[in-house]
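Residue-level listing of the chains:
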Amino acid sequence: MTNPAKPNTNRLLQQSHTNMPMGVADSYRYWGEDNTVFVKSSEGCTITDADDQTFVDFRLAYGPIILGYRDTRIDQEVIKAITERGTISGFSTDLDSEVIELVKQMCPNIEKMRFANSGTEAVIGAVRTARGFTGRNKIVVVEGGFHGLYDEMMWKSDVDNWDAASGKAPEIASFGVGIPEASREHLETVPLNSFEAIDAVFARVGGDIAAIVIEPILGNCGSIASSQEYMQKLRDMCDANGTLLIMDEVKTGFRVAKGGAQELYGIKADLTTYAKAMGNGYPVAAFGGRADVMDIINFNKKGVTHGGTYTANMIALSAAKATLTILNETDAYATINKVGAQIQQVLSRVFTKHGVEHRFAGPDSMFGIHFGDLVPTNYRDWKQTDSELYTEFAMNLIKHGIMLEPDSREPWFICEAHKSVDLAWLEEIADRSMAEAIAQ
């Protein structure tokens, strides 16, 4: 049982309110006055908060941690890079090509690549490149996908406030104020796994669609997955219409398999975005794909401009090189997938014991939990799940020492260090947490 008083956390939050809006450096880190977390330290698969409460963490900073917090194999390589190379030079280094060659070994969809500092930047670069290559404007995105915090991608299907019985599609709403209406001029939104919606959008504006941007497995929507047939449909439609297929693998890349979701589906994107697990928590990202598409990035008048002061800095690339080498040469994925499957078995026993209908979605390394009798096939289906019960269950888990996002749209992330988790303890905590949730 954790300490509900949390005196140090409360003090830090009050201090932070005087320095930052909402008292946090990222709006998504604010969980209210009673539940906002301040982390003191992290190691392996655990985090310890400001009041010395330790949690087994299945949130993993929204997914970057693939091996474990403070993995010495990665940290030692970063320290070596800092002491021997420095942190940034503003010029190229041998690390640039070394990391990309590692990526190319793991991901046959990559022929050429450029680096970025975040998933948002990677998506911006990929979308700009697609527009430059095709000479077109429109971008098609899928409901429930998340492609970063920049204006054009900060429009969503408002499923939270949608009446499923209305017979109407959810309204498209911005993430908040400050986002110009004009920023959605070239954005088209379709529901996942709907052939009809894809046919309709191409029939209407196909001649101006530069790219379809999709998370094959929705990393911000309970790991709801595209069907094999749907991914093939997108590939075929893009090929037939001169449109590029961009797979956003910021979450799935280097997490669900060596080659990411594209390895699972056996379908290649024209461009792919990566971040998160690429550096085991160090801030590194990239986008790349077909050489002919990427070569539109150049300095002539008809080229796409790409750059960034901190792009390909030595800290980020040394972490990426070390992380990708381990993922490519060891049995880390087998360990992660085994643990993920075992944890789902534990949770399923608990849910069944309490008579809670449930379904899992997505791969073992980032699975979603949906309370109900069906696996959602799109964001609108998620609306039919019992997300309120999930939130009650999740908040109880946190109270008892298991950290996760208390929203069923966020998956459970598994890292190699979770192999040390006591599954009997996990089952006991999950059982208690579900009993308390049902009793409320």
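Calculation criteria
- Sequence positions are assigned chain by chain, starting from 1 and proceeding in written order.
- For this predicted model, a pLDDT threshold of at least 70 governs which residues receive local features, and a threshold of 80 or more governs which side-chain atom pairs are given and counted, while totals over whole chains, interfaces and linings are taken from all residues.
- Side-chain measures here rest on the full set of heavy atoms in the structure, leaving out hydrogens and waters.
- Should a side-chain nitrogen of Lys or Arg be within 4 Å of a carboxyl oxygen of Asp or Glu, the pair is scored as a salt bridge.
- What counts as a helix is a DSSP run of H or I of at least four residues, what counts as a strand is a run of E of at least two, and both are numbered from the N terminus.
- Categorising residues by exposure relies on relative accessible area from a 1.4 Å probe, with only protein chains included: less than 20% of the type maximum marks a residue as buried, more than 50% marks it as exposed, and the intermediate range marks it as partly exposed.
- Nonpolar cores were defined as sets of buried Ala, Val, Leu, Ile, Met, Phe, Trp, Tyr and Cys residues, with membership established by side-chain atoms within 4.5 Å.
- A domain assignment, automatic or from a database, supplies the domain bounds used here.
- A pair of strands is treated as paired once DSSP finds two or more bridges between them.
- Between the rings of Phe, Tyr and Trp (Trp by its six-membered ring), a pair exists once the centres lie within 6.5 Å; its type follows the angle of the planes, with under 30 degrees stacked, over 60 edge-to-face, and the other angles tilted.
- By the criterion adopted, a ring carries a charge over it if an Arg CZ or a Lys NZ lies within 6 Å of its centre and within 35 degrees of its normal.
- To obtain an axis, a line is fitted to C-alpha atoms, over the contacting stretch when the element is a helix, and the angle between two such axes runs from 0 to 180 degrees between their N-to-C directions.
- In these notes the angle categories are as follows: under 35 degrees is roughly parallel, over 145 is roughly antiparallel, 65 to 115 is roughly perpendicular, and the rest is oblique.
- Here a crossing is taken to be left-handed if its near helix is turned anticlockwise relative to the far helix by less than a right angle, and right-handed if that turn runs clockwise.
- Any pair of residues with heavy atoms lying within 4.5 Å of one another is described as a contacting pair.
- Just so you know the grouping, Ala, Val, Leu, Ile, Met, Phe, Trp, Tyr, Cys and Pro go in nonpolar, Asp, Glu, Lys and Arg go in charged, and all remaining residues, Gly too, go in polar.
- For this quantity, the arc is that covered by the directions from the helix axis to the C-beta atoms.
- Criterion for a disulfide: a pair of cysteine sulfur atoms at a distance within 2.5 Å.
- Polar contact is defined as a pair of N or O atoms within 3.5 Å, subject to the rule that within protein one atom must be able to donate a hydrogen and the other to accept it, and that residues adjacent in sequence are counted only when both atoms are side-chain atoms.

Caption draft 1: Geometry of the pattern of salt bridges. One pass over the structure, following the stated rule, counts 26 salt bridges. Among the ionic pairs, arginine 409 bridges to aspartate 160, the shortest N-O distance being 3.1 Å. Pair noted here: arginine 409 is in the loop between strand E15 (402–403) and strand E16 (412–413) and aspartate 160 is in the loop between strand E6 (155–157) and strand E7 (172–174), with a separation of 249 residues, a long-range link. Judged by relative accessible area, arginine 409 falls into the buried class, the value being 15%. Overall, the relative accessible area of 37% leaves aspartate 160 in the partly exposed class.

Caption draft 2: Region of interest: the nonpolar core. One finds Phe254, Met278 and Trp412 to be the most contacted residues of the largest nonpolar core, which totals 105 residues. Here this core gathers at least three residues from each of two domains, domain 1 (37–69 + 331–439) and domain 2 (72–329). Core analysis: the next-biggest nonpolar cluster, separate from the first, contains 29 residues, Val123, Tyr150, Leu244 and Ala275 among them.

Caption draft 3: Highlighting the sheet that holds strand E14 (residues 366–371). Spatial ordering of the open sheet is given by E13-E14-E16, a layout of three strands whose pairing is antiparallel. Every interior strand has two partners, whereas the edge strands, strand E13 (358–361) and E16, have only one. With four bridges connecting them, E13 and E14 associate as antiparallel partners. Across the sheet, arginine 359 pairs through a bridge with histidine 370, a residue of E14.

Caption draft 4: The arrangement of the packing of aromatic side chains in detail. Following the criterion strictly, the structure yields eleven aromatic pairs and no others. Aromatic pair phenylalanine 58 and tryptophan 412: ring centres 4.9 Å apart, planes at 35°, arrangement tilted. Linking phenylalanine 58 in the loop between strand E3 (54–57) and helix H2 (72–84) with tryptophan 412 in strand E16, this pair joins segments that are 354 residues apart in sequence. Between phenylalanine 371 and tyrosine 390, the aromatic rings sit 5.9 Å apart at their centres with planes inclined by 55°, giving tilted as the arrangement. Of this pair, phenylalanine 371 sits in strand E14 while tyrosine 390 sits in helix H12 (residues 387–399), and the two are 19 residues apart along the sequence. In this pair, the class of phenylalanine 371 matches that of tyrosine 390, namely buried. Members of the aromatic cluster, connected to one another through ring pairs, are Phe58, Phe360, Phe367 and Trp412. Cation over ring: lysine 156 sits above phenylalanine 175, and NZ or CZ is 5.3 Å from the ring centre. Sitting above the plane of the tryptophan 162 ring, arginine 380 keeps its charged end 6.0 Å from the centroid.

Caption draft 5: Examining the sheet that holds strand E8 (residues 187–190) more closely. In space, the seven strands of this open sheet follow the order E4-E12-E11-E10-E9-E5-E8, with mixed pairing throughout. Each edge of the open sheet carries a strand with a single partner, namely strand E4 (112–116) and E8. Here the strands of the sheet are splayed against their neighbours by 20° on average, with no regard to which way each runs. As judged from the four bridges shared by strand E5 (residues 138–142) and E8, these two strands associate in the parallel manner. Across the sheet, the residue bridging to valine 141 is threonine 189, located in E8.

Caption draft 6: Quick look at the packing of H12 against helix H13 (residues 423–439). Look at H12 against H13: their axes get within 8 Å of each other, and the N-to-C directions meet at 130°. Here H12 is positioned oblique relative to H13, judged by the angle of their axes. By crossing handedness, the relation of H12 to H13 is classed as right-handed. Contacts between H12 and H13 involve Leu389, Glu392, Phe393, Asn396, Leu397 and Lys399 from the first element and Ile429, Ala430, Ser433, Met434, Glu436 and Ala437 from the second. Taken together, the residues of the contact of H12 with H13 sort by class into seven nonpolar, two polar and three charged.

Caption draft 7: Just helix H5 (residues 195–205), in detail. Regarding H5, the residues found buried are Ala197, Ile198, Val201, Phe202 and Val205. In a view along the axis of H5, the buried residues occupy a sector of 130°, so they form one face of it. For H5, the exposed residues lying more than 90 degrees away from the buried face are Glu196, Ala203 and Arg204. Contacts made by the buried residues of H5 are with E5, E8, strand E9 (209–214) and helix H6 (228–241).

Caption draft 8: Structural context of the state of the cysteines. Applying the stated criterion to the full structure yields zero disulfides. Between cysteine 107, a cysteine without a disulfide, and cysteine 238, which holds the nearest cysteine sulfur, the sulfur-to-sulfur distance is 19 Å. A residue is classified by how much of its surface remains accessible, and cysteine 107, at 1% relative accessible area, is buried. Counting only cysteine sulfurs, cysteine 45 is the nearest neighbor of cysteine 415, a cysteine outside any disulfide, at a range of 5.6 Å.

Caption draft 9: Structural detail: the side chain of serine 183. Assignment of secondary structure puts serine 183 in the loop between E7 and E8. What makes serine 183 buried here is its relative accessible area of 16%. Here tryptophan 155 takes part through its side chain, which lies 2.9 Å from a polar atom of the side chain of serine 183. Separated by 2.6 Å, the side chain of serine 183 and the backbone oxygen of proline 180 make a polar contact.

Keep in mind these values describe shape, not function.
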